[in-house]
Number of protein chains: 4
Amino acid sequence: MAVFTRKGFGEATVADIASEAGVAVGTIYNYYRDKHDLLISLIARSLLSANLSEILGATEATSDKKIIESLIEDRLEFGLANGQRFLFLFFEIQRNSKLRRQYLSQVVAPIISRIENLLQSGIKKNSFRPTDIKIISRALAGMIIGVMILRGLEQKDSPFKKSRSKEITKELTNFTLYGLVKK
Amino acid sequence: MAVFTRKGFGEATVADIASEAGVAVGTIYNYYRDKHDLLISLIARSLLSANLSEILGATEATSDKKIIESLIEDRLEFGLANGQRFLFLFFEIQRNSKLRRQYLSQVVAPIISRIENLLQSGIKKNSFRPTDIKIISRALAGMIIGVMILRGLEQKDSPFKKSRSKEITKELTNFTLYGLVKK
Amino acid sequence: MAVFTRKGFGEATVADIASEAGVAVGTIYNYYRDKHDLLISLIARSLLSANLSEILGATEATSDKKIIESLIEDRLEFGLANGQRFLFLFFEIQRNSKLRRQYLSQVVAPIISRIENLLQSGIKKNSFRPTDIKIISRALAGMIIGVMILRGLEQKDSPFKKSRSKEITKELTNFTLYGLVKK
Amino acid sequence: MAVFTRKGFGEATVADIASEAGVAVGTIYNYYRDKHDLLISLIARSLLSANLSEILGATEATSDKKIIESLIEDRLEFGLANGQRFLFLFFEIQRNSKLRRQYLSQVVAPIISRIENLLQSGIKKNSFRPTDIKIISRALAGMIIGVMILRGLEQKDSPFKKSRSKEITKELTNFTLYGLVKK
DNA sequence: TATGAATGAGTTTTCATTCAT
DNA sequence: CATGAATGAAAACTCATTCAT
């Protein structure tokens, strides 16, 4: 995965990958049909690695703020852990329809749906402003994704460092809850 | 660009591209040094939209809300116009250091910097909550980027349709300004 | 074809073939999908090379002896011209069902059928002994095939030399007509 | 042998063969030096049928007809038993000089020589027409080989079925002795 | 200036063979 | 003595690039 991420699918050679993995070229072909199958398998594996279930399963008892905070924190950490990989993953997921369906149904849909529930109940409780739930849920999910991508692009210049993880989570949570404007 | 976007750099063949462009393979080499030069030239061309400079140059007289709205609207339209291309652009930009420097200095930095100014002055005027400007500026830029990517992934199921462009801009602007919580 | 015949399909390398043909490896792939397609195309081409039509179209006016003689002579010359190729052709034809169907319908069936007609009319005219036409037609066709194969196997030791072509044809024709036993 | 016959030497993989034989790949290498040695050993084993020696050793007392009949019958049965294998055997024998020498000296030469003796003595006894012994012996041996090959090619459509073995032998014997022409 | 066939370097892929278990 | 995973040499195949037309 490191090689694919660094070079892209077409530019990563099987020899590169074998060498990075410390095995012979032929060994790879004992486990994967071909180079593409290798990529798909690797992606499928990293897709499901997150401990999403905890967050998604959080009880109603937990405060809205806590849930949003956990979500941001979890995805932020996933992003930090996956670093450069992020864009590559998205790009390949987008191009492979089977992978896309899997990712949409197993990762995107549950998260979006969880956020929608959150918004819905918040609005019903009159604690959240009435908004277009479908759009705002994507805005929140998108914000996390976009922040990770900017981090990858800016690299050394980015303010998104692991060390500041707590603070970033706090800021993003507050931004999400209160926006820019002072009450 | 359509072929690069659909297949990725390594998998797009010069023959594909020539055929899509309706010219012979050899003709491409009369205009571009090599395949990589072709990609770089194409990307460099799509980086900047005409409107961006106007928005970035907007006078202080314009209201904060208007500026945010214009920015969201412009990038949203860029994203809708570039569709699937979005991720590919980011991915290739990330991998090509010359391109990355160019993109960071010509697109990301001005936008981020404009947003930072906006936040700074808003906070000074006491109309915005005091926040970590570096983080929140990335949150806003990231939100727009992430929203475009989700749109590309979800495709038919996404609520981000061209037809609803006005409404989406409004929702995102309000979310940015006021957050989720009701005052 | 020379390389395939000399080495067999699996042992002939595309580099060998390209070098023997005096072109680059890549050039072969501009004309044939893959190595197997190359073989099939070559075989299909040599299958239909014979001037069978003349013999098969011979009028009834020609004497039975003349027809048999022409047939033996033609296939004998085809065999001498194709030399070692003979067995390889048969082997590959046998293994490729499309090729087999083509060979059976375009070469074997017409020849067998012509021989059957010949036998039938000869028996009716009472000039030929009554025999099982289906078996004897194969015996005659098979004799020619087998003789060619023995020639390929025995190589230097075989009595089937080009120089003796006329005499061989005469002997085989007489054997076919009169058998071993003296009247 | 089944795998070699079905696929050809180069296309048969040792894994195929091991799997068909119900052993592990490594086991094969405990008994044969390499893949080629395996093939040579298998072919050498199938070359000789038990009956051949009896026929070849038949005393002068046996009638010419009986000898020819036995020979045809034996090789016919060998062909029926070896089916598709036939062509493959010939092809590989042709290509392997050691194998070719062995086959020529142990199978072809004795049969041809036996037939030549038969013809010679028949001609001397004035019961056979005077013919070119070298050619006619090959015609007879070739007929049997060719008939087997046609049978393999035609498969379902061929009149050479096991069930008709007796009749086929009779027809071929009569054809050999008396030819087509009625006395 | 456009073309596209030829090229061959660079990759992917295969699979006979080895050898530790 | 059997096993089968690992190996890497050798082969198939791809395709960016060239260049004569």
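Calculation rules
The numbering scheme is per chain: residues are counted from 1 as the chain's sequence reads. Chain labels run from A onward and ligand labels from 1 onward, assigned in the order the entries are written. Given that the model is predicted, a residue must reach a pLDDT of at least 70 before its local features are reported, and side-chain atom pairs must reach 80 or more before they are shown or counted; all residues, however, enter totals for whole chains, interfaces and linings. Based on all heavy atoms of the structure, the side-chain values leave hydrogens and waters out of the count. In what follows, a contact means two residues having at least one pair of non-hydrogen atoms within 4.5 Å. We define proximity as follows: a residue is near a molecule or strand when any one of its heavy atoms falls within 4 Å of that partner. Any pair of N or O atoms that falls within 3.5 Å is considered a polar contact. Within protein, one atom must be able to donate a hydrogen and the other to accept it, and sequence-neighbouring residues count only if both atoms are side-chain atoms. A run of DSSP states H or I qualifies as a helix once it reaches four residues; a run of E qualifies as a strand once it reaches two. Both are numbered from the N-terminal end. Residues below a pLDDT of 70 in either copy are left out; the C-alpha atoms of the rest, at least 70 in both, set the least-squares superposition of the copies. Amino acids are sorted into nonpolar (Ala, Val, Leu, Ile, Met, Phe, Trp, Tyr, Cys and Pro), charged (Asp, Glu, Lys and Arg) and polar (every other residue, Gly among them). Note on exposure labels: buried denotes an accessible area under 20% of the residue type's maximum, exposed denotes more than 50%, and partly exposed covers the range between, all computed with a 1.4 Å probe on protein chains only. Asp and Glu are treated as the negative residues and Lys and Arg as the positive ones, with His and the ends of the chain left uncounted. Definition used for salt bridges: Asp or Glu carboxyl oxygen within 4 Å of a side-chain nitrogen of Lys or Arg. When two components associate, each loses some accessible surface as probed by a 1.4 Å sphere; the sum of these losses over both components is called the buried area. The method works on a 1 Å grid over the protein atoms by themselves. A cavity is a set of points holding a 1.4 Å probe that cannot get out, a pocket is an open set with protein on both sides within 12 Å along at least five of seven lines, and residues with an atom within 4 Å of a point line them. Grid points are joined across faces, edges and corners, and a volume is the space filled by probe spheres set on the points.

For the rest of this paragraph, the subject is the arrangement of the chains. Structurally, chain B and chain C remain out of contact, their C-alpha atoms never closer than 13 Å. Where chain A comes nearest to chain D, the C-alpha atoms are still 13 Å apart, and the two do not contact one another.

Before going further, it helps to examine the protein's contact with DNA strand F. Neighbouring DNA strand F are 26 residues; Gly26, Thr27 and Tyr31 of chain A, Val14 of chain B together with Thr27 of chain D lie closest to it. The sugar-phosphate backbone supplies 73% of the atoms of DNA strand F found within 4 Å of the protein. Thr27 of chain A places a polar side-chain atom, nitrogen or oxygen, 2.6 Å from a phosphate oxygen of DNA strand F. Tyr31 of chain D is positioned such that a nitrogen or oxygen atom in its side chain is 3.1 Å from a phosphate oxygen of DNA strand F. When residues of the surface near DNA strand F are traced back to their parent elements, those giving at least two are α3 (25-31) of chain A, α3 (25-31) of chain B, α3 (25-29) of chain C together with α3 (25-28) of chain D. Ranked by residues supplied to the surface near DNA strand F, first place goes to α3 of chain A with 4 residues.

With an RMSD of 0.3 Å, the fit of chain D onto chain C corresponds to turning through 179° and sliding 0.0 Å along the axis. The two molecules are tied by a two-fold rotation axis, judged by turn and shift. When the interface residues of chain D are mapped onto chain C, 100% of them again lie at the interface, so the same face is used by both copies.

The next point concerns the protein's contact with DNA strand E. Surrounding DNA strand E, one finds 27 residues, the nearest of these being Tyr29 of chain A, Thr27 of chain B, Thr27 and Tyr31 of chain C together with Val14 of chain D. Close to the protein, within 4 Å, the atoms of DNA strand E belong to sugar or phosphate groups at a rate of 72%. Contact between DNA strand E and Asn30 of chain C: a base nitrogen at 3.3 Å from a side-chain N or O atom of the residue. Backbone polar atom of Lys35 of chain D to a phosphate oxygen of DNA strand E: 2.9 Å apart, as the coordinates give it. Those elements that provide at least two residues to the surface near DNA strand E are α3 of chain A, α3 of chain B together with α3 of chain C. It is α3 of chain B that contributes the most residues to the surface near DNA strand E, 4 residues altogether. Looking at the surface near DNA strand E, its residues break down into 14 nonpolar, 9 polar and 4 charged.

The next point concerns the relation of the copies chain A and chain B. Think of it as a corkscrew move, a rotation about one axis and a shift along it, taking one chain copy to the other. Each copy of the sequence occupies a distinct position, and chain A is placed on chain B by a rotation of 179° and an axial shift of 0.0 Å, giving an RMSD of 0.3 Å. Most of the interface of chain A is mirrored in chain B, where 98% of its interface residues again form contacts.

Bringing the side chain of Glu171 of chain C into the picture now. With respect to the secondary-structure elements, Glu171 of chain C resides in helix α10 (residues 165-178). No salt bridge is formed by the buried Glu171 of chain C, whose closest oppositely charged neighbour, Lys170 of chain C, lies at an N-O distance of 4.8 Å. Those residues in contact with Glu171 of chain C, other than ones at most four positions away along the chain, are Thr131, Asp132, Ile135 and Ile136 of chain D.

Bringing the pattern of salt bridges into the picture now. For the coordinates displayed, the defined rule picks out 50 salt bridges over all chains. Where Glu154 of chain C meets Arg138 of chain D, a salt bridge forms, and the shortest distance between an N and an O atom there is 3.0 Å. Linking Glu154 of chain C in helix α9 (residues 133-154) with Arg138 of chain D in helix α9 (residues 133-154), this pair reaches from one chain into another. With respect to class, Glu154 of chain C is no different from Arg138 of chain D; both count as buried.

As for its position among the elements, Arg114 of chain B is in helix α8 (residues 97-124). Arg114 of chain B sits in the buried class, given a relative accessible area of 12%.

Right, let's talk about the interface of chain D and chain C for a bit. Across the boundary between the two partners, chain D contributes 63 residues, which contact 63 residues of chain C. Our count for the chain D to chain C interface comes out at 5 salt bridges. Where chain D packs against chain C, one counts 10 residue pairs in polar contact (both at pLDDT 80 or more). Sorting the residues of the side of chain D that touches chain C by element identifies α1 (2-7), α7 (85-95), α8 (97-124), α9 and α10 (165-178) of chain D as the ones contributing at least two each. Element by element, the count of residues in the side of chain D that touches chain C is highest for α9 of chain D, at 16 residues. Of the residues in the side of chain D that touches chain C, the class split is 32 nonpolar, 15 polar and 16 charged.

Bringing the environment of Thr131 of chain B into the picture now. For Thr131 of chain B, the location among the structural elements is in the loop between α8 and α9 (133-154). Assessed through its relative accessible area of 16%, Thr131 of chain B is described here as buried. Taking the C-alpha atoms as reference, Thr131 of chain B lies 9.1 Å from Gln120 of chain B; in sequence the two are 11 residues apart. Contact partners of Thr131 of chain B, with chain neighbours within four places excluded, come to Glu171 of chain A together with Ile123 and Ile136 of chain B.

Glancing now at the interface of chain A and chain B. Counting residues at the interface gives 63 residues for chain A and 62 residues for chain B. Taken as a group, Arg129, Leu153 and Leu180 of chain A account for 14% of the area that chain A buries against chain B, more than any other trio of residues on that side. The interface formed by chain A and chain B contains 6 salt bridges. Summed over the shared surface of chain A and chain B, the result is 11 residue pairs in polar contact (both at pLDDT 80 or more). Elements that contribute at least two residues to the side of chain A that touches chain B include exactly α1 (2-7), α7 (85-95), α8 (97-124), α9 (133-154) and α10 (165-178) of chain A. The element best represented in the side of chain A that touches chain B is α9 of chain A, accounting for 16 residues. By residue class, the composition of the side of chain A that touches chain B is 32 nonpolar, 15 polar and 16 charged.

Let's shift gears to the layout of surface pockets. Residues and elements named next belong to chain A. Its volume calculated, the largest pocket comes out at about 220 Å³. Ile17, Ala21, Val23, Ile28 and Leu38 are the residues nearest the centre of the largest pocket, which is lined by 14 residues in total. Mapped onto the lining of the largest pocket, the elements with two or more residues apiece are α1, α2 (14-21), α3 and α4 (35-47).

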